[in-house]
Amino acid sequence: MEALSKGEHGLLYGVRVVELGTDLAPALAAMMLAEHGAQVVRLVDDAHPPVDPVLDAVTARGKTELEVSGTRGLPELLALADVVIAPLGSYPETAIQAARKTNPGLVTCRVAPFPEGHPLAGLPGHEPIPSMAGYLYNKIVGQPYYHTFAIASVLAGQYAAIGIAAALVARESTRRGQHVETSLFESSIAAQVLQVLIKAGIPRGFVPLRMVGSPFMRAWECSDGRYVYLHITMPKHNAAMLDQLERNGYGPQVASLRALMSEQTRRDPSMVGSISEAEQLKAIYADIFLSKQAHEWETLFGDHLCCIKIRTIDEWLEASREAGMSDATLVKDPVFGELVTPGALVEPLHARVFVGPRSPGRLEEVLARWQEGHGARWEDSPPENLSHPLAGVRVVDLSRIIAGPCAARVLAELGADVLSINSESRLDWSLSFHLIFNAGKRSVTLDFTDAAGKERLWAVLRDFGPDILVHNYRHLDLARSIGVGPEQVREQFPAITYTHVNAYGNHGVWKERPGFEQVVQAVSGIQVGYARGGRPTLLPSPVIDIGCGLLGAFGSLLGLYHRHRTGVGAAVTTHLTSVAVLLQLRQVAAYQRSACLARAKQAGSKIGFDPSREILSGILLARGESVCVAGSRGDLTRWLAFLGHPGFADRVAASIGGRIGRGVADEAPELAALRVTLASRSLARWKQLLEEAGLSGSIGLVTQPPLGHIVEDMAKNDRRLIPLVRQRAHPGTSKPLAFVASPVTLSETPLNDVYPTPLRGTHTREVLGRVGVEAPEGTGIVPYPVELPLWKHAVTFVRWGYFAWRSGNI
C-alpha cells in the first residue's frame, strides 16, 4: 500500500486483463486499462490477422501479445484474470462460463455492433453500419453526411472501460464479478444526444441554429488560403477582440463593427440581433481576416482568445508534440519501429501511467507471473440486496457546459449522489447542455468569486463530504488561484478523487489558452477531415466534449478503485485535444502506414497491408434514399463483377499500391462505381442483388430512419432494463423531452434510472440551510428562457438555419 500511494505503480496495478479479437472498440477499452498499470494480455491468432496492422499496433500500446492458435491457453488465463474483453463473435461462451465457476470475481465485457436481439443485429458488423443506424452521420439540416471518424468505436470503447472500472469498484463490496455490455449502435446515439433533444422536441426558448449562424463562431479564410477559427461568443471575449483589432491598426473596421452591433448582440454575441446584422458583420470580418495569413492571426490573438489556425491531423500530431503536450507520443514498436500513438488519455498527478510499445510474450511466462501474484478471493454466490456500483459515493460537480457535467452525469447514472454547483448565469445558449448533462444531480447556484462566496463554498463542501470533485477550469493554476486546486482540496479531503477536464491539458504552451469543442475540432484536424476538401466545416455533434467527459468519469472511477485498495485519494486530469486524436485513430494510422510498412519489410517482417481486406464505406443514393454501404474492397469488387463490371478489379489494381497510405476520407473507385451503377435502383433491389451475389453476409446496407421518430422507434426495439431513449417530463419545460441514457449495462449492479434535470438552483436554499445560511424561497433558481409561440419558433429556426447553411457554418 505504501508503495502504491507513492505512485510507483499505476492506479490499476495488479489487475489482469485478457483481450480477444482485433476490433477497435475492445482494443481501446483494453488500452485505457493498460495505461494505468493493468497487465493486458492480448491473444493474437495468426490465422486471423488484423485488417490494418498499423492501426492494430497503435491500439496495442502497453500490452503483452501472445501468439496462440484457437483457444490455446485461454482457460488457464481466464482462471487467473480479473477482466476479459471481447467483441461479438470472438466471445468463447463455454470457456467464460467454465471460468466463472472457478473464478467468480471475473469481470467480462462484450462490445457488439448492435445489442443482442436488435432487428439489425444480423447485419455485417463493419463500424459504418451501426453508425448509420445510430444517426452518427445525421446533420441538423439535410441528408446524412458520411465521415470517417471512429466515433462509434471510440465511445463504445470508453463506455466499456467505464463499465469495467465500475464493475471493479463494485467488486470490492460485492466480492463478485459481473458482465458489462455496450454496443456501437447505442454509443452512436449517445454521441448524437444533442440532435436527439433538438429534433425530438427542444423547448421553444432555445434556437440552436441562431447560435450556429453567429459570425463570431466560424472559420475565416486568410490571405494564404488557409483558415482560422474564431470563437468569441462571450461578451468579454467579443469586446477583447475589438480592442485588440483596434490596437493593431483596424480602427476603421472596428468602428464599423461597433456601429453595427445591436444591444442584443453586445449582451450575447452568440445570439446576434438579426440576420441582416449578421450579414453585415460577416462581410467586415471577412475583409479583416483576408489581410493576414492564418499563422499571423493565431500569433496575434491565439494566446488569449479563441482565434487559431485550422490544422490537419498530421499537423496537429507534430504541433502538439512540439508544444510539449501529451496528445501523441512516439513508441518503439517491435515490428514497425518508430510509431506515433495517442499519449496518456487520463493522467494521474501522483501515480504512473504506462504508455509504451507492445511487447511479445510467452504463455508459460504470463501464467507463471499471474499465478505468483494471484491472491484475491471472491465469493461464488451472489450477495443479497445488490445496489448501484457507486451507491453511497458523493460527487461535487463544479463544471459547466458539456465535458465536466457529462463526467458527473455518468457517475450519477452509476449511482452516485451528485451535487452540481454553478453560478446564476443565464441559460440562453447553454439550455440544451444543462438539460442533457445535469440529469440525476441536485443543483445549487453560488457565486464564489469573492472571499465570502469562497467561504460559503467550502462550508457546503465540508458539509457534503465529497468522495469525488469534478471541475473544468482552464488549467490547474487557475483552479489554485480560485482556491480549488488539487492540493487545497486534498488537504481538506485526503481520500478524495480530484478530476479535472480542460481543453489542452496541463503541459506545454497551449495549457493556458481558452478552448471549446468547436475550436478543438478546428485545431486538431476534425473540421478539415469532416469537410473533405474546401472550407473547413464543424462536425455537428459535441463528440469531443462527450468523449472527454467519459474519460473524466473513467478517471474518477480509477481514483475510487485506488482508494478502495489503498485508502489514498487520487488526482486525475484529461483534456479535449487528446480525445480529438483518439477519434482520428484511422487517420493517425493512415498517415504513417507507408513508412511503417517499409521499415517492417526492411527488417524482414512478412507483415503487410492487404488492400483487398480494407473496409470501404460511404453513403450512396438508391432512388434518392440515403444508404450506407460497407464491405471489404475484395467483396465490393466481386459485387461489381456480378453487376456487370468483370474487369473492374484489373482496372484499379495498379492504383491500389499508391493508395496504401492515402487519407481515409478519399472515396474509393469501388464506391464511385457502385454509386453510378445502383443510383436508379431501389434499396429493395440492391438487397436482392446482394443476396443473388452471395455477399449479404459480408457487405452491409442500412438506411437511417428520421431522427424525430427515435423515441417511438427505440420503444419497439429497446430491450434494456433502463430504456436507452424515451420521453421524460422535465421541471420547467412545457412538454416531455427526449432523454438518452448511458449505453452500458452491468449485470449485477445495474445503472441508476436518474431523475430528469431540475431547474438550475433548485436545491440552493436547502443546501445553504444545512450550513446555517438562511435564504428566502426561490433563492438561486435560474428560470429557463421564455418559450416562443410555435409559429415564431418555427420561422426563427428555419430562417437562421438557412442563413447558417448559406454561410457555410453547417
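Being a predicted model, the structure only gives us computed values, none of them experimental.

Definitions and limits used
Residues numbered from 1 in each chain as written. Predicted model: local features only at pLDDT ≥ 70, side-chain atom pairs only at ≥ 80, totals over all residues. Heavy atoms only, no water. Helix = DSSP H or I, 4+ residues; strand = E, 2+ residues; numbered from the N terminus. Rg over C-alpha atoms; globule rule 2.2 N^0.38 Å. Buried < 20%, exposed > 50% of the residue type's maximum accessible area, 1.4 Å probe, protein only. Pairing = 2+ DSSP bridges. Axes fitted to C-alpha atoms, helices over the stretch in contact; angles between N-to-C directions. Contact = heavy atoms within 4.5 Å. Phe/Tyr/Trp six-rings, centres within 6.5 Å; stacked < 30°, edge-to-face > 60°. pLDDT = per-residue confidence, 0-100. Arc of directions from axis to C-beta. Parallel < 35°, antiparallel > 145°, perpendicular 65-115°, else oblique. Nonpolar A, V, L, I, M, F, W, Y, C, P; charged D, E, K, R; others polar. Polar contact = N/O pair within 3.5 Å; in protein donor to acceptor, adjacent residues only side chain to side chain. Disulfide = S-S within 2.5 Å. Salt bridge = Lys/Arg side-chain N within 4 Å of Asp/Glu carboxyl O. Left-handed = near helix turned anticlockwise from the far one by under 90°.

Engineer: I would appreciate a short explanation of the overall build of the protein in the present structure.
Structural biologist: On a plain count of helices and strands, the protein comes out with 34 helices and 25 strands. Taking 28 Å as the expected radius of gyration for a compact globule of 810 residues, we find that the protein reaches 26 Å, a close match to that expectation. Its C-alpha atoms give the protein principal-axis dimensions of about 70 × 65 × 50 Å. Looking at the protein as a whole, 60% of its 810 residues qualify as buried.

Engineer: It is not clear to me how the sheet that holds strand 21 (residues 625-632) should be interpreted in this structure. Could you clarify?
Structural biologist: Strand pairing in a sheet takes place through backbone hydrogen bonds and is either antiparallel or parallel in direction. Here we have 3 strands laid out as an open sheet, ordered 20-21-22, and antiparallel in their pairing. Of all the strands in the sheet, the pair left with one neighbour each is strand 20 (615-622) and strand 22 (700-702). With direction set aside, neighbouring strand axes in the sheet form an average angle of 20 degrees. With 8 bridges connecting them, strand 20 and strand 21 associate as antiparallel partners. Considered in strand 21, the bridge of leucine 620 is made with valine 627. Each of strand 20 and strand 21 touches helix 30 (residues 669-678); the most contacted strand, strand 20, lies at about 20 degrees to it.

Engineer: For this particular structure, what's the right way to read helix 16 (residues 313-322)?
Structural biologist: Quick reminder: α-helices carry 3.6 residues per turn. Residues three or four places apart thus point the same way. Among all positions in helix 16, only Ile313, Trp316, Leu317, Ala319 and Ser320 are buried. Summarising the contacts, the buried residues of helix 16 are in contact with strand 10 (328-333), strand 11 (337-342), helix 23 (517-524), helix 26 (576-583) and helix 27 (585-602).

Engineer: I tried to follow the packing of aromatic side chains on my own but got confused; where do I start?
Structural biologist: The geometry of an aromatic ring pair is captured by the separation of the ring centres together with the interplanar angle, meaning the angle of the planes. Evaluated as defined, the whole model comprises 13 aromatic pairs. An angle of 25 degrees between the planes, with centres 6.0 Å apart, marks the rings of tyrosine 285 and phenylalanine 289 as stacked. A residue pair is termed a helical-turn pair when its members lie 3 or 4 positions apart in one helix, as tyrosine 285 and phenylalanine 289 do in helix 14 (residues 275-289) at 4 residues. Pair check on accessibility: tyrosine 285 and phenylalanine 289 agree, each one buried. Taken together, a centroid distance of 5.8 Å and an interplanar angle of 20 degrees make the contact between tryptophan 297 and phenylalanine 301 stacked. Of this pair, tryptophan 297 and phenylalanine 301 both sit in helix 15 (residues 294-301), 4 residues apart, which is roughly one turn of that helix. Accessibility classification places tryptophan 297 together with phenylalanine 301 in one group, the buried group. A connected cluster of aromatic rings, assembled from ring pairs, spans Phe216, Trp220, Tyr250, Tyr285, Phe289, Trp297 and Phe301.

Engineer: Just checking my understanding: could you explain the confidence of the model for the protein for this structure?
Structural biologist: Should the pLDDT be low somewhere, the predicted coordinates at that spot are not to be read in detail. Overall, the predicted model of the protein reaches an average pLDDT of 90, with 93% of residues at or above 70. Confidence drops under pLDDT 50 across residues 1-7; counting only partners more than four residues distant or on other chains, this segment forms 14 contacts. Overall, residues 653-665 carries pLDDT values under 50, and its contacts beyond four positions in sequence, including any with other chains, amount to 22 contacts.

Engineer: Explain helix 15 here, please?
Structural biologist: Turning to helix 15, its buried residues number three or more, namely Ala294, Trp297, Glu298 and Phe301. An end-on view of helix 15 places all buried positions within 100 degrees of arc, on one side of the element. Packing partners of the buried residues in helix 15 comprise strand 8 (227-231), helix 11 (235-247), helix 14 and strand 9 (306-309).

Engineer: Would you mind showing me how to read the packing of helix 26 against helix 27 here?
Structural biologist: Packed helices, taken two at a time, are described by the angle between their axes plus the distance between the axes. In the contact formed by helix 26 and helix 27, the axes pass within 4 Å of each other and the chain directions differ by 65 degrees. If you check the angle between helix 26 and helix 27, you find them roughly perpendicular. Where helix 26 abuts helix 27, its residues Val581, Leu582 and Leu583 lie against Leu585, Gln587 and Val588. Residue composition of the contact of helix 26 with helix 27, by class: 5 nonpolar, 1 polar and no charged.

Engineer: How should the environment of valine 489 be read in this particular structure?
Structural biologist: Position of valine 489 among the secondary structure elements: in helix 22 (residues 486-492). Setting aside its immediate chain neighbours within four residues, valine 489 contacts Trp458, Leu469, Val484, Ile496 and Tyr498.

Engineer: Just to check I follow, could you spell out unusual backbone geometry for this structure?
Structural biologist: Across residues other than glycine, the phi torsion is negative in most instances, and most of the peptide bonds are trans. Although it is not a glycine, tyrosine 135 adopts a positive phi angle of roughly 70 degrees. For arginine 532, which is not glycine, the phi torsion reads 55 degrees and is therefore positive. Summarising the element assignment, arginine 532 is placed in the loop between helix 24 (526-531) and helix 25 (543-566).

Engineer: Explain the pairing of strand 19 (residues 570-575) here, please?
Structural biologist: Along any regular strand the residues' side chains alternate between the sheet's two faces. The buried count for strand 19 comes to 6 of 6 residues, which makes it a mostly enclosed element. Going residue by residue along strand 19, you find Ala570, Val572 and Thr574 tucked away on one face and Ala571, Thr573 and His575 tucked away on the opposite face as well. Both strand 12 (residues 347-348) and strand 19 contribute to a ladder of 2 bridges, which runs antiparallel. Bridge assignment links proline 348 to a residue of strand 19, and that residue is valine 572. Where strand 18 (residues 497-502) meets strand 19, 6 bridges bridge the pair, whose relative direction is parallel.

Engineer: What is the right way to read the sheet that holds strand 7 (residues 217-221) from this model?
Structural biologist: Read from one edge of the open sheet, 3 strands run 7-8-9, paired in antiparallel fashion. Two strands lie at the open edges of the sheet, namely strand 7 and strand 9, each paired on one side alone. Across the sheet, the mean angle separating the axes of adjacent strands is 20 degrees when strand polarity is ignored. For strand 7 and strand 8, the ladder comprises 5 bridges, and the chain directions are antiparallel.

Engineer: Is there a simple way to think about the side chain of histidine 147 in this case?
Structural biologist: In this structure, histidine 147 sits in the loop between helix 6 (128-133) and helix 7 (151-174). Polar side-chain contacts of histidine 147 include one of 3.4 Å to the backbone nitrogen of phenylalanine 149.

Engineer: Help me out: how do you make sense of the state of the cysteines in this one?
Structural biologist: Linking two cysteines covalently via their sulfur atoms produces the bond known as a disulfide. In total, this model carries 0 disulfides according to the counting rule given. Cysteine cysteine 307 remains unbridged, with the sulfur of cysteine 222 as its closest cysteine sulfur at 7.6 Å.

Engineer: Could you clarify how one ought to interpret the pattern of salt bridges in this entry?
Structural biologist: When the charged atoms of two side chains with opposite charge come close together, those side chains can pair. Summed over the entire model, instances satisfying the criterion amount to 37 salt bridges. Among the ionic pairs, arginine 42 bridges to glutamate 19, the shortest N-O distance being 3.2 Å. Of this pair, arginine 42 sits in strand 2 (residues 39-44) while glutamate 19 sits in strand 1 (residues 16-19), and the two are 23 residues apart along the sequence. Taken as a pair, arginine 42 and glutamate 19 share a single burial class, namely buried. Linking arginine 563 and aspartate 467 is a salt bridge whose minimum nitrogen-to-oxygen distance equals 2.9 Å.

Engineer: Would you mind showing me how to read the side chain of glutamate 19 here?
Structural biologist: Looking at glutamate 19, the relative accessible area reads 0%, which means it is buried. Only 3.2 Å separates the side chain of glutamate 19 from the side chain of arginine 42, close enough to count as a polar contact. A polar contact is formed between the side chain of glutamate 19 and the side chain of lysine 63, at a distance of 2.8 Å. Excluding residues that lie within four positions of it along the chain, glutamate 19 makes contacts with Pro26, Ala27, Ala30, Val40, Val41, Arg42, Leu43, Lys63 and Ile85.

Engineer: Help me understand the packing of helix 12 (residues 251-260) against helix 14, please; the structure alone is not making it clear to me.
Structural biologist: As a packed pair, helix 12 and helix 14 sit with axes 10 Å apart at the nearest point and diverge in direction by 170 degrees. Between helix 12 and helix 14, the angle falls in the class roughly antiparallel. In this structure, helix 12 crosses over helix 14, and the sense of that crossing is left-handed. Of helix 14, the residues touching helix 12 (which contributes Gln253, Ser256, Leu257 and Leu260) are Glu277, Gln280, Leu281, Ile284, Tyr285 and Ile288. A per-class count over the contact of helix 12 with helix 14 returns 6 nonpolar, 3 polar and 1 charged.

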